[in-house]
Amino acid sequence: MLGETFKSLAKIDIIQVPYKGGAPAVVGTISGEAQMMADPAASVLPHVKSGRLRALAIARATRLPELPQVPTFAEAGMPEYTASAWYSVHAPAKTPNEIVARLNKELVRIVNLPEIRERLKDLGSDGVGNTPDEFGRFVSEEHAKYGRLIKAMGIKPE
Amino acid sequence: MKLSTFPLSMLASLVVLSAAPALAQTSWPVKPIRLIVPYPPGGGNDTLARIFGQKLGESLGQQIIVENRAGAGTTIGTAFASRATPDGYTLLLSSIATHAFSPHLYAKPGYDALRDFSPVNLAGGRAYAAGSQSGAAGGFAQGIDRARQTAPRPA
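Keep in mind the model is a prediction, meaning the values are calculated, not measured. (Residues numbered from 1 in each chain as written. Chains lettered and ligands numbered in written order. Predicted model: local features only at pLDDT ≥ 70, side-chain atom pairs only at ≥ 80, totals over all residues. Heavy atoms only, no water.)

Digging into the overall build of chain B
The helix and strand inventory of chain B stands at five helices and five strands. Listing every helix and strand of chain B by position from the N terminus yields α-β-α-β-α-β-α-β-β-α. Put simply, of all contacts in chain B between residues at least 6 apart along the chain, 71% involve residues at least 24 apart. For chain B, the accessible area works out to roughly 7600 Å², and carbon and sulfur atoms hold 62% of it. (Helix = DSSP H or I, 4+ residues; strand = E, 2+ residues; numbered from the N terminus. Contact = heavy atoms within 4.5 Å. Areas by Shrake-Rupley, 256 points an atom, 1.4 Å probe, with all protein chains shown as cover.)

A short note on helix H3 (residues 75-82) of chain B
Burial runs high along H3(B): six of the eight residues are buried. Among all positions in H3(B), only B:Thr75, B:Gly77, B:Thr78, B:Ala79, B:Ala81 and B:Ser82 are buried. At its buried positions, H3(B) is contacted by strand E3 (87-92) of chain A together with strand E1 (33-37), strand E3 (90-95), helix H4 (96-105) and strand E4 (117-126) of chain B. (Buried < 20%, exposed > 50% of the residue type's maximum accessible area, 1.4 Å probe, protein only.)

Some details on the pattern of salt bridges
Tallying each qualifying case throughout the model produces eight salt bridges over all chains. Its salt-bridge partner being B:Lys55, residue A:Glu115 comes within 3.0 Å of it at the nearest N-O pair. Here the residue A:Glu115 occupies a position in helix H5 (residues 114-122), and B:Lys55 occupies one in helix H2 (residues 44-60), the pair thus bridging two chains. Its relative accessible area of 46% is what places A:Glu115 among the partly exposed residues. Sharing partners across several salt bridges, the network here consists of A:Glu115, B:Lys55 and B:Glu58. (Salt bridge = Lys/Arg side-chain N within 4 Å of Asp/Glu carboxyl O.)

Focus: the nonpolar core
In this structure, A:Leu103, B:Leu35 and B:Phe52 are the most contacted members of the largest nonpolar core, which totals 42 residues. In contact with B:Leu35, not counting residues within four places along its chain, are B:Ala49, B:Ile64, B:Ile65, B:Val66, B:Glu67, B:Leu91, B:Leu92 and B:Leu93. (Core = buried A, V, L, I, M, F, W, Y, C linked by side-chain atoms within 4.5 Å.)

Some thoughts on the confidence of the model for chain B
Residue and element names in this part refer to chain B. Looking at chain B, the pLDDT average stands at 79 and 65% of residues meet or exceed 70. Confidence drops under pLDDT 50 across residues 15-23; counting only partners more than four residues distant or on other chains, this segment forms zero contacts. Every residue in residues 151-155 is under pLDDT 50, and counting partners more than four places away or in other chains gives six contacts. Reported confidence for the predicted complex is 0.72 by ipTM and 0.68 by pTM. (pLDDT = per-residue confidence, 0-100.)

Things to note about unusual backbone geometry
Apart from glycine, the bulk of residues carry a negative phi angle, and the bulk of peptide bonds sit in the trans form. Residue and element names in this part refer to chain B. The linkage connecting Trp28 with the following residue, Pro29, adopts the cis geometry, with an omega of 0°. Mapped onto the elements, Pro29 comes out in the loop between helix H1 (6-26) and E1. Its identity as a non-glycine residue notwithstanding, Ala72 has a phi of 50°, on the positive side. Here Ala72 is to be found in the loop between strand E2 (64-68) and H3. Phi at Thr74 is positive, roughly 75°, even though this residue is not glycine. Here Thr74 is to be found in the loop between E2 and H3. Thr74 sits in the buried class, given a relative accessible area of 6%.

Some thoughts on the side chain of A:Asn104
Structurally, A:Asn104 is set in helix H4 (residues 97-111). Residues contacting A:Asn104, with those up to four places away along its chain left out, are A:Asn130, A:Thr131, A:Pro132, B:Val120 and B:Asn121.

A word on the side chain of B:Ser95
The residue B:Ser95 is located in strand E3 in this model. According to the relative accessible area criterion, B:Ser95 is buried, its value standing at 1%. Looking at B:Ser95, its side chain comes within polar contact range of the side chain of B:Tyr39, at 2.7 Å. Those residues in contact with B:Ser95 that lie beyond four places of it in its chain are A:Trp86, A:Tyr87, A:Ser88, B:Tyr39, B:Asn45 and B:Ala100. (Polar contact = N/O pair within 3.5 Å; in protein donor to acceptor, adjacent residues only side chain to side chain.)

Thoughts on the packing of helix H6 (residues 132-152) of chain A against H4(B)
As a packed pair, H6(A) and H4(B) sit with axes 9 Å apart at the nearest point and diverge in direction by 35°. Considering only the axes of H6(A) and H4(B), their crossing is right-handed. Counted together, A:Val139, A:Glu142, A:His143, A:Tyr146, A:Gly147 and A:Ile150 of H6(A) and B:Ile96, B:His99, B:Ala100, B:Phe101, B:Pro103, B:His104 and B:Leu105 of H4(B) form the full contact between these two elements. Of the residues assigned to the contact of H6(A) with H4(B), the class counts are eight nonpolar, four polar and one charged. (Axes fitted to C-alpha atoms, helices over the stretch in contact; angles between N-to-C directions. Left-handed = near helix turned anticlockwise from the far one by under 90°. Nonpolar A, V, L, I, M, F, W, Y, C, P; charged D, E, K, R; others polar.)

Shown next as structure tokens:
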């Protein structure tokens, strides 16, 4: 899906080769079968370090410390592509506010633990951690943004 | 029934009743909490869920049990979590897929992303990188140009 977003923003007719997952896509790009791929940075990092894959740009506000020579999409001329595969916690609606608040407090604390920061880094993830209200607003924005984008790309719900 | 004792006993029972819900909430959790992960075991988000789940369990004093329910672009597990009793014992490892992509890619995802859930926390993000074959010269702009030139045109 993030590949589709990239394609739409770059305004090029890339035929998206449907590899079953990141690993075959990496192999396909290394061999030249595919000209370009987009995947979570952590998956491509080992191949970039070994020199088989060339990282062109990263969807992040600032350059990844592990890949200091790789420009951000904004630096490379596509500032709209800030997509990151964010992950989060939700509870069913009507879960008591006290429980949601306590969970939020614990999760923010956990995300900031040095050992967790290290483990997240190994998985290519940045920790965030915000309040339930901030997160709620973010979800609404993302929900609306991709709704518009998916419609603009002409993708019909199945 | 003596009139003088009637109001007092009524008052006593009222105090007991109103205390009960508050007690139930402040004692949470009293049993393990399940974390629905709408991805198969071993994937990126599953691993992240287990990392957070373990730490959360330690601080809450109750185990967080990861329950993998993958399928239909994360909608199966997410729909399941949306119907769970909202008592704090079921949580969802949500993502850009569950709450921003799938709601628009599926006509009937089985849930309303905004109405059926309470947001808890944005745990993190995994930045996407674009890459190409290493022998190819130039940077991002050249990569795009190459893609434009070599990609087959749609019929």
